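# Analysis of the macromolecular model
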Amino acid sequence: MSSRRSRSSRQTGASMISEDQINDLVLQLHRLLPELGNNSRRSGKVSASKVLQETCTYIRNLNKEVDDLSERLSQLLESTDSAQAALIRSLLM
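Per an unreviewed UniProt entry, the protein goes by the name BHLH domain-containing protein and belongs to Eruca vesicaria subsp. sativa.

This brings us to the side chain of Thr80. The topology assignment puts Thr80 in the loop between helix H4 (48-79) and helix H5 (82-92). You can call Thr80 buried: its relative accessible area is 19%. There is a polar contact of 3.2 Å between the side chain of Thr80 and the backbone oxygen of Leu77.

What follows concerns the UniProt feature "coiled-coil region" (unreviewed entry) in the protein. Cross-referencing UniProt, the feature "coiled-coil region" (unreviewed entry) maps to residues 52-86 in the present numbering. With 94% helix and 0% strand, residues 52-86 has end C-alpha atoms that lie 41 Å from one another.

Taken as a whole and judged by the stated rule, the model has 2 salt bridges. Measuring nitrogen to oxygen at the nearest pair gives 3.1 Å for the salt bridge that ties Glu54 to Lys50. Of this pair, Glu54 and Lys50 are both found in helix H4, 4 residues apart, which corresponds to roughly one turn of the helix. A salt bridge links Lys64 to Asp68; its shortest N-O distance comes to 3.1 Å. Taken together, the residues Lys64 and Asp68, both in helix H4 and 4 residues apart, mark about one turn of the helix. Residue classification places Lys64 among the exposed residues on the basis of a relative accessible area of 51%. Judged by relative accessible area, which is 37%, Asp68 ranks as partly exposed.

Conventions used here
Residues numbered from 1 in each chain as written. Predicted model: local features only at pLDDT ≥ 70, side-chain atom pairs only at ≥ 80, totals over all residues. Heavy atoms only, no water. Helix = DSSP H or I, 4+ residues; strand = E, 2+ residues; numbered from the N terminus. Buried < 20%, exposed > 50% of the residue type's maximum accessible area, 1.4 Å probe, protein only. Polar contact = N/O pair within 3.5 Å; in protein donor to acceptor, adjacent residues only side chain to side chain. UniProt positions renumbered as here; feature names shortened; annotations may be inferred. Salt bridge = Lys/Arg side-chain N within 4 Å of Asp/Glu carboxyl O.

Structure below.
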């Protein structure tokens, strides 16, 4: 048994997670990633490491997209008259 596994097998409590649970979670992430999901269907199995790396990249890209859209919305609200801006704000809340 590897030292990593022996250390984890000594842990107790709710923080323990089985290897099967980790594999299931990685599979769920794999299915959620558009790029990885499309590419891996053709090429076969993808490593857990690759899934986690791609998940981080995808989340960073989503955050950037949200920031960009927020900036565009702010600019749009600044360029419209106050009645239209108030209407847009009320729709967003």
